[in-house]
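Fold and geometry: a report
Residues per chain, in single letters:
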Amino acid sequence: MFYIQDIAKYEDQTITLKGWVESKRTGGKVAFITLRDGTGFMECIFSLDSVGETILETAKRVTQETSLQITGKVVKNDNQEFGYEMHATGLQIYQIAAEYPISRKEHGVDFLMNNRHLWLRSRRQWAVLRVRDSLKFAIHRFFHENGFTQTDAPLLTGNACEGTTTLFETEFYEKDVAYLSQSGQLYAEAIAMALGKVYTFGPTFRAERSSTPRHLSEFWMIEPEMAFYDIEMDMELIEAFVKYIVNAVYAECKTELKVLERDNVLFENINKPFPRITYTDAVKIIQGKQDWNGRNAITTLRQQLAQVLADLEVKNAEIAETEALLTAGNVSKGQANYYQNKIDRLKGETRKLEDKSKEIPEWIEASVNFPDGEDFGSPQEKALTSLFDTPVMVYKWPRAIKAFYMKRYEDDPEFVKGVDLLAPEGFGEIVGGSERETDLQTLVDAINHHDLPMEAFEWYLDLRRFGSVPHAGFGLGFERVVMWLTGVSHIRETIPFPRYYGRLFP
RNA sequence: GCCUCCUUAGCUCAGUCGGUUAGAGCAACGGACUGUUAAUCCGUGUGUCCUAGGUUCAAGUCCUAGAGGGGGCGCCA
């Protein structure tokens, strides 16, 4: 078997590729079939001179997604997207595909999601899933190269630790109710006390009724947990880890990132040090009271707004101009179609810009008036990260807004040793980590303070009774990172068959 | 859960002030032409205007309720 991803090895040789028709263009004496084989895309050229009439007629008859095998010579051609093309000499069809619902034209998201099983074949989806794979293996490599043991937390748990509203519930035989896991962290802590440095990489379930581009009901989470680590070591690890996996994807997925038209700025800046900012300083930056490297968060958002308004004006002018051309008369049918399509497209774009022009002032408002002591929302994360071209770490958070298990600062007990890593350019949180509380009594008080059921945590408290040590860890939402690196606009594109509020099929 | 926009052909959308037989592009099919890249050009036809109720001589268009979807917020990874 030959695969397109190895094509450079076969330059000027005649080989056979098996795959599906991504697209076809035909002419009188020539046919172009773009073949996809799962590893890449290849344009195959059928010309009357080299294949003869019978094969050319067969080639003209194929439909989108027809399965076939094509034999031909691999020829270098820099005009081709991937550098090579095939001069076909033979063709064998497995099945002529029925009329395919997904064209290379635009489609709505709901339509595509209903056809997810077919949408996966599209070029962008192919690229996203390849990045997902590359990222997943890079994560495993990083941890193994750094002495971690991969481990697993249970997916079915018996205790509804943080209330049942965001938990999926299922019957556990006749007598019990089980919940699908929201986090394996507490279990990972127990395993770290047995194995030192561990990480879990498994599915997580949240029954939040949030229908946003950033949420899934079922997603994968990576949760390392390290015995004898403090918050400083935790932050070092997070930074080294994120740099490693981003570099790996950049090195391994050049073609995929090109297909995705992903801006390289992110990858080129990833090796710079990640700024570390305390929550208290971050609040001042968000409110616009403090600059960072001479840039002001609020001013930056205002500039974004001005840019949106300017774009809007340009597009409106273009619409008016095109409408004038259309009504001026003396236009051929083809030209009229072109103008009409252009107007429709521009109208769609202005609608999005208009939405944006209403949203940004709300974000500015929410940032300027942000009350010190509260947790960051989406507008605050946008304001802060718009100033950076690398991920940024925010640490030393108010105790009141963070989880019960985070360790307090000895000299400043109203703050905890937690850290969030925010991806740049408005993307927002991808990592949340902390040093864990080790003192039994402090933990008991925190559990009571958060109104959590003590009996559910007895086993967890045992970890503080039998050889308690400083330890730390973090959690990383896998699909969030795929989304960040690929630049897709919705998290549902980052997993083959996404599950989210309102979507259980296919 | 809240705010907001949307639902018209297989797909993406237009449809003005409520007015006669509901439109375009793409896809499909037929043809022309072409080293083409979402090619281009000519031709062929396709409707539960989301659902229910209401106002009206007349509703795709207005009103009420419901369903589904997009975007933003909240919640969060």
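Before reading on, note that the structure itself is shown above.
The rules behind these values
Residues numbered from 1 in each chain as written. Chains lettered and ligands numbered in written order. Predicted model: local features only at pLDDT ≥ 70, side-chain atom pairs only at ≥ 80, totals over all residues. Heavy atoms only, no water. Helix = DSSP H or I, 4+ residues; strand = E, 2+ residues; numbered from the N terminus. Core = buried A, V, L, I, M, F, W, Y, C linked by side-chain atoms within 4.5 Å. Buried < 20%, exposed > 50% of the residue type's maximum accessible area, 1.4 Å probe, protein only. Contact = heavy atoms within 4.5 Å. Expected span 1.5 Å × (residues − 1). Polar contact = N/O pair within 3.5 Å; in protein donor to acceptor, adjacent residues only side chain to side chain. Near = heavy atom within 4 Å. Nonpolar A, V, L, I, M, F, W, Y, C, P; charged D, E, K, R; others polar. Phe/Tyr/Trp six-rings, centres within 6.5 Å; stacked < 30°, edge-to-face > 60°. Lys NZ or Arg CZ within 6 Å of the ring centre and 35° of its normal. Pairing = 2+ DSSP bridges. Axes fitted to C-alpha atoms, helices over the stretch in contact; angles between N-to-C directions. Salt bridge = Lys/Arg side-chain N within 4 Å of Asp/Glu carboxyl O. Patch = residues over 30% accessible without salt bridge, like charges linked within 9 Å, V, L, I, M, F, W, Y side chains within 5 Å. Areas by Shrake-Rupley, 256 points an atom, 1.4 Å probe, with all protein chains shown as cover.

Turning our eyes to something else, we now look at the environment of glycine 467. Mapping glycine 467 onto the fold places it in the loop between helix H14 (458-465) and strand E17 (471-477). Taking C-alpha positions, glycine 467 is 9.9 Å from threonine 438, a pair spaced 29 residues apart along the chain.

Among soluble globular proteins, nonpolar side chains are generally buried collectively. Counting residues in hydrophobic clusters, the biggest one holds 109 residues, and the most contacted among them are Ile139, Phe376 and Trp484. Considering each element in turn, this core owes the most residues, 11 residues, to helix H6 (residues 231-252). If you look at the next biggest cluster of nonpolar residues, it comprises 23 residues, including Ile7, Tyr10, Val62 and Tyr84.

A few words on helix H5 (residues 185-195). Every buried residue belonging to H5 is among Gln185, Leu186, Ala188, Glu189, Ile191 and Ala192, and all of these are buried. In the core, the buried residues of H5 are packed alongside strand E6 (149-151), strand E10 (197-205), strand E11 (218-227), H14 and E17. Glycine 196 occupies a position one or two residues after H5 and carries a positive phi of about 90°.

Right, let's talk about H6 for a bit. Here H6 is 22 residues long and its end C-alpha atoms lie 31 Å apart, about the 32 Å a rise of 1.5 Å per residue gives. Capping the start of H6, aspartate 230 holds a side-chain oxygen 3.1 Å from the backbone nitrogen of glutamate 232, two or three residues further along.

The environment of RNA strand B is formed by 49 residues, the closest being Thr26, Gly27, Glu43, Glu85 and Arg480. Those atoms of RNA strand B that come within 4 Å of the protein belong to sugar or phosphate at a rate of 59%. Backbone polar atom of glycine 108 to a phosphate oxygen of RNA strand B: 2.9 Å apart, as the coordinates give it. For the surface near RNA strand B, the secondary structure elements donating two or more residues are strand E1 (14-26), strand E3 (41-47), strand E5 (84-95), helix H2 (109-114), E11, helix H11 (333-368), helix H12 (378-385) and strand E16 (428-435). If you tally residues by element for the surface near RNA strand B, the top one is H11, at 8 residues. When its residues are assigned to classes, the surface near RNA strand B shows 11 nonpolar, 19 polar and 19 charged.

By the definition in use, this model includes 25 aromatic pairs. On the basis of an interplanar angle of 65° and a centroid distance of 5.0 Å, the ring pair of phenylalanine 172 and tyrosine 173 is categorised as edge-to-face. Using a relative accessible area of 36% as the deciding quantity, one classes phenylalanine 172 as partly exposed. Aromatic pair tyrosine 279 and phenylalanine 376: ring centres 5.3 Å apart, planes at 20°, arrangement stacked. Here tyrosine 279 is found in helix H9 (residues 279-287), whereas its partner phenylalanine 376 is found in the loop between H11 and H12, with 97 residues between them in sequence. With a relative accessible area of 0%, tyrosine 279 lands in the buried category. According to the relative accessible area criterion, phenylalanine 376 is buried, its value standing at 9%. Ring pairing ties together the aromatic residues Phe142, Phe143, Phe148, Tyr199, Phe241, Tyr244 and Phe474, which thus form one cluster. One Lys or Arg, lysine 76, reaches over the ring of tyrosine 84 and ends 4.7 Å from the middle of that ring.

Read around the barrel, 5 strands follow the order E1-E2-E3-E5-E4 and close on themselves; strand pairing throughout is mixed. This sheet shows a mean twist of 55° between the axes of neighbouring strands, independent of strand direction. The sheet strands contacting helix H1 (residues 48-61) are E1, strand E2 (30-36), E3 and E5, and the helix crosses E3 at an angle near 115°.

Time to look at the pairing of strand E13 (residues 392-398). Counting buried residues in E13 gives 6 out of 7 residues, a clear majority hidden from the surface. Across 3 bridges, the pairing between strand E12 (residues 276-278) and E13 is parallel. By the bridge assignment, threonine 278 is partnered in E13 with tyrosine 395. Relative to strand E15 (residues 412-423), E13 runs antiparallel, the two sharing 6 bridges. Bridge pairing in E15 places proline 398 opposite phenylalanine 415.

Mapped onto the fold, leucine 35 is located in strand E2. On a C-alpha basis, the gap between leucine 35 and alanine 192 in space is 49 Å, while along the polypeptide they are 157 residues apart. Among residues more than four places away in sequence, those in contact with leucine 35 are Ile4, Leu17, Gly19, Trp20, Gly40, Phe41, Met42, Cys44, Leu68 and Ile70.

This paragraph deals with the sheet that holds strand E8 (residues 169-172). Spatial ordering of the open sheet is given by E7-E9-E8, a layout of 3 strands whose pairing is antiparallel. In this open sheet, the two strands that pair with only one neighbour each are strand E7 (156-157) and E8. Across 2 bridges, the pairing between E7 and strand E9 (residues 176-180) is antiparallel. Residue pairing for E9: threonine 157 is matched across the bridge by tyrosine 179.

Attention now goes to the pattern of salt bridges. For the structure shown, the criterion picks out 26 salt bridges. With its nearest N and O atoms 3.0 Å apart, the salt bridge here joins arginine 132 to glutamate 479. Placement of arginine 132 in helix H4 (residues 123-145) and of glutamate 479 in helix H15 (residues 478-486) is noted, with a sequence separation of 347 residues between them. Of the charged contacts, one joins lysine 417 and glutamate 410 as a salt bridge, the two residues approaching to 3.3 Å between their closest N and O atoms. Exposure remark for lysine 417: the relative accessible area of 9% places this residue in the buried category. Residue classification places glutamate 410 among the exposed residues on the basis of a relative accessible area of 57%.

This part covers a nonpolar patch on the surface. Residues Leu156, Phe172 and Tyr173 make up a contiguous nonpolar surface patch of roughly 330 Å² in combined accessible area. With respect to the helices and strands, the residue leucine 156 is situated in strand E7.

Shape is all these values report; function is a separate question.
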